[in-house]
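# Observations on the three-dimensional arrangement
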Amino acid sequence: MRILMFNYEFPPIGGGGGWVSYFLGKQFVEAGHEVRLITSRFRDLPKEEMVEGFRVYRVPTLRKNRSTCAVHEMLTYAISSSVYGFKCVKSFHPEIIQVFFGIPSGGGAYLLQKVFGIPYIVFLGGRDIPRQNPDPPYYRLLYGLLAPVIKAIWGNAAAVVACSGGLRELALRTEPNIDINTIPDGLDVNRFSPIPRGAHSERVRILTVGRLIPRKDVQLLIRALPQLIQNATRDFEVEIVGDGPCRSNLVKLAEELRVSHKVRFAGSVPYSELPEKYQSADIFALCSLAEGMPLVVLEAMGSGLPVVASRVQGVEDVVKVGINGCLFNAGDVDALARQLASLIDDDESRRKMGIASVIQAQRYDWKNIAQSYLNIYKRVTCAS
């Protein structure tokens, strides 16, 4: 099968949604399919290259930041990818199109479906779904303006896939009359694996991984540290892996709260080095205000870590309270501090939850996730 994919983000730019297209493309190729991907050009990245057996085309955009993408920058991708999509159809002749994020990646697929009759599948990953209290807040106006476009892209798709049950329910509030499948994101189970951890580490290590942007709310973790210092009986440290526009403010906040000695800012880390970061930690924390299905949580689970995370879409699907972690309401610094302090002081709970995380994570092998998509493709192409 010839599969054409649209995603405005792809490693090394963007977040988890780009990695979803990376791993699915890799698995599709391993299953014997031909794959092409149209993504955004960024700085000196090659305009065209082979990645894991599939060809990646980077089209002109105005994107200036590796970790974030402004609305007008997304618009330039929507235009460029649509133009290039027509060129790709003539040379590649795709049988199915996979869209990652209806906005801004769905416009090209919509046009190709209308002109050439090529069916497309839409992946819903988070902020492409209208919501009541978006981050940033001006997205509320944007959602209102784009609602007809969003509904048209979803409505003309051969199938719509949400990466978590929570996102599916959220999407149905916008368009209750379409059928939305739920296929979770996956985990590279060979890359992210557990190691034996000492029963009594001298210093308990708390890890968080992600872009330093407002939606990730890393400042909540720093704000919890004064309570942790007061209430935890064991020594601990926090490592923050990632970079972004909020970094300087986070460093300043740690200084103001006099907790800098407990925080280490590691900056961006190559993906190949992430397993070592997880394996050197004892607890994984995620404080996001909104998510789709965070790959970092699955990576932490596969590495044998208990997870303390905010109760948002996607997280609730994989973190089971008292089994492999704890959940708190987004923004609740007191609950976050209590749960972290409890785990810091309880070696046995961390051990048991870590084992449960590994067992839970095995279900999310990318090979299985890719097969779920291929089953949809087969059904759609046979029907057409």
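Above this note sits the structure.
Let me sum up the structure you'll find in this document.

Parameters and conventions
- Residues numbered from 1 in each chain as written.
- Predicted model: local features only at pLDDT ≥ 70, side-chain atom pairs only at ≥ 80, totals over all residues.
- Heavy atoms only, no water.
- Helix = DSSP H or I, 4+ residues; strand = E, 2+ residues; numbered from the N terminus.
- Rg over C-alpha atoms; globule rule 2.2 N^0.38 Å.
- Buried < 20%, exposed > 50% of the residue type's maximum accessible area, 1.4 Å probe, protein only.
- Contact = heavy atoms within 4.5 Å.
- Areas by Shrake-Rupley, 256 points an atom, 1.4 Å probe, with all protein chains shown as cover.
- Lys, Arg positive; Asp, Glu negative; His and termini not counted.
- Charge placed at Lys NZ, Arg CZ, Asp CG, Glu CD.
- Salt bridge = Lys/Arg side-chain N within 4 Å of Asp/Glu carboxyl O.
- Pairing = 2+ DSSP bridges.
- Axes fitted to C-alpha atoms, helices over the stretch in contact; angles between N-to-C directions.
- Right-handed = clockwise from strand over helix to strand, strands pointing away.
- Phe/Tyr/Trp six-rings, centres within 6.5 Å; stacked < 30°, edge-to-face > 60°.
- Lys NZ or Arg CZ within 6 Å of the ring centre and 35° of its normal.

A few words now on the overall build of the protein chain. Across its full length, the protein chain holds 13 helices and 14 strands. Relative to the globule expectation of 21 Å for 384 residues, the C-alpha radius of gyration of the protein chain, 21 Å, shows essentially globular dimensions. Principal axes of the C-alpha set define a box for the protein chain whose edges measure 65 × 45 × 40 Å. Across the 384 residues in the protein chain, those meeting the buried criterion constitute 58%. Restricting to contacts in the protein chain with at least 6 residues of sequence separation, those with at least 24 account for 70%. Of the roughly 16000 Å² of accessible surface on the protein chain, 51% is carried by carbon and sulfur atoms. Across the protein chain, the mean location of the 45 positive side-chain charges is 5 Å away from that of the 38 negative side-chain charges.

Our focus in this paragraph is the pattern of salt bridges. A full pass over the atoms with the stated rule returns 18 salt bridges. Linking glutamate 48 and arginine 55 is a salt bridge whose minimum nitrogen-to-oxygen distance equals 2.9 Å. Residue arginine 55 is classed as partly exposed on the basis of its relative accessible area of 25%. Where lysine 262 meets aspartate 235, a salt bridge forms, and the shortest distance between an N and an O atom there is 2.6 Å. You can see lysine 262 sitting in the loop between α7 (247-256) and β11 (263-267) and its partner aspartate 235 sitting in strand β10 (residues 235-241), a full 27 residues away along the chain. Connected through salt bridges with shared partners, the residues Arg203, Asp235, Glu237, Glu239, Lys262, Arg264 and Lys277 form a single ionic network.

This part takes up the environment of aspartate 179. Locating aspartate 179 in the fold gives a position in the loop between α5 (165-174) and β8 (180-182). In sequence terms aspartate 179 and valine 99 are 80 residues apart; their C-alpha atoms lie 16 Å from each other.

On to the side chain of serine 310, then. Within the fold, serine 310 resides in strand β13 (residues 307-310). The buried category is assigned to serine 310, whose relative accessible area is 0%. In this structure, serine 310 is in contact with Leu286, Cys287, Ser288, Val315, Leu327, Phe328 and Ala330, ignoring residues within four places of it in sequence.

Ordered by their spatial adjacency, six strands build an open sheet running β11-β10-β9-β12-β13-β14, and the pairing between neighbours is parallel. The two strands at the open ends of the sheet, each matched to only one other strand, are β11 and β14 (325-328). Pairs of neighbouring strands in the sheet enclose a mean axial angle of 20 degrees, with direction left out of account. Summarising the sheet, β13 and β14 pair through four bridges and their orientation is parallel. Among the inter-strand pairings, valine 307 is bridged to a residue of β14, identified as glycine 325.

Let us look at the pairing of strand β2 (residues 34-40). In terms of burial, β2 is a largely internal element, six of the seven residues being buried. With helix α1 (residues 16-30) bridging strand β1 (residues 2-6) and its parallel neighbour β2, the resulting β-α-β unit is right-handed.

Read across the open sheet, the eight strands follow the order β3-β4-β2-β1-β5-β6-β7-β8; overall the sheet is mixed. Both edges of this open sheet fall to β3 (48-51) and β8, since each of them pairs with a single strand only. Direction aside, neighbouring strands of the sheet carry axes that sit 25 degrees apart on average. Sheet analysis places β2 next to strand β4 (residues 54-59), joined by five bridges and oriented parallel. Within β4, the residue paired with leucine 37 across the bridge is valine 56. Along the sheet, α1 contacts β1, β2, β3, β4, β5 (96-100) and β6 (120-124); its crossing angle with β4, the most-contacted strand, is approximately 145 degrees. In this fold helix α13 (residues 366-383) packs onto β1, β5, β6, β7 (159-162) and β8, with an angle of close to 135 degrees to the strand it touches most, β5.

Note that valine 56 resides in strand β4. As for valine 56 and glutamate 239, which are separated by 183 residues in sequence, their C-alpha atoms are 33 Å apart. Residue contacts for valine 56: discarding those within four places in its chain leaves Phe10, Leu37, Thr39, Lys47, Glu48, Glu49 and Val51.

Moving on: the packing of aromatic side chains. Inspection of every chain in the model, using the stated rule, returns 19 aromatic pairs. For the ring pair tryptophan 19 and tyrosine 22, a centre distance of 5.1 Å and an interplane angle of 75 degrees mean the geometry is edge-to-face. With tryptophan 19 and tyrosine 22 both in helix α1 and three residues apart, this pair spans about one turn of that helix. Geometrically, the ring pair formed by phenylalanine 86 and phenylalanine 116 is tilted, given 5.8 Å between the ring centres and 55 degrees between the ring planes. Note that phenylalanine 86 is positioned in helix α2 (residues 71-92) and phenylalanine 116 in helix α3 (residues 102-116), a separation of 30 residues in sequence. Taking the relative accessible area as the measure of exposure, phenylalanine 86 reaches 25% and is therefore partly exposed. Put simply, the rings of Phe10, Trp19, Tyr22, Phe23, Phe54, Phe192, Tyr271, Tyr278, Phe284 and Trp366 touch in pairs and so form one group of aromatic residues. One cation-aromatic arrangement involves lysine 262 over phenylalanine 236; the distance from NZ or CZ to the ring centre is 4.6 Å.

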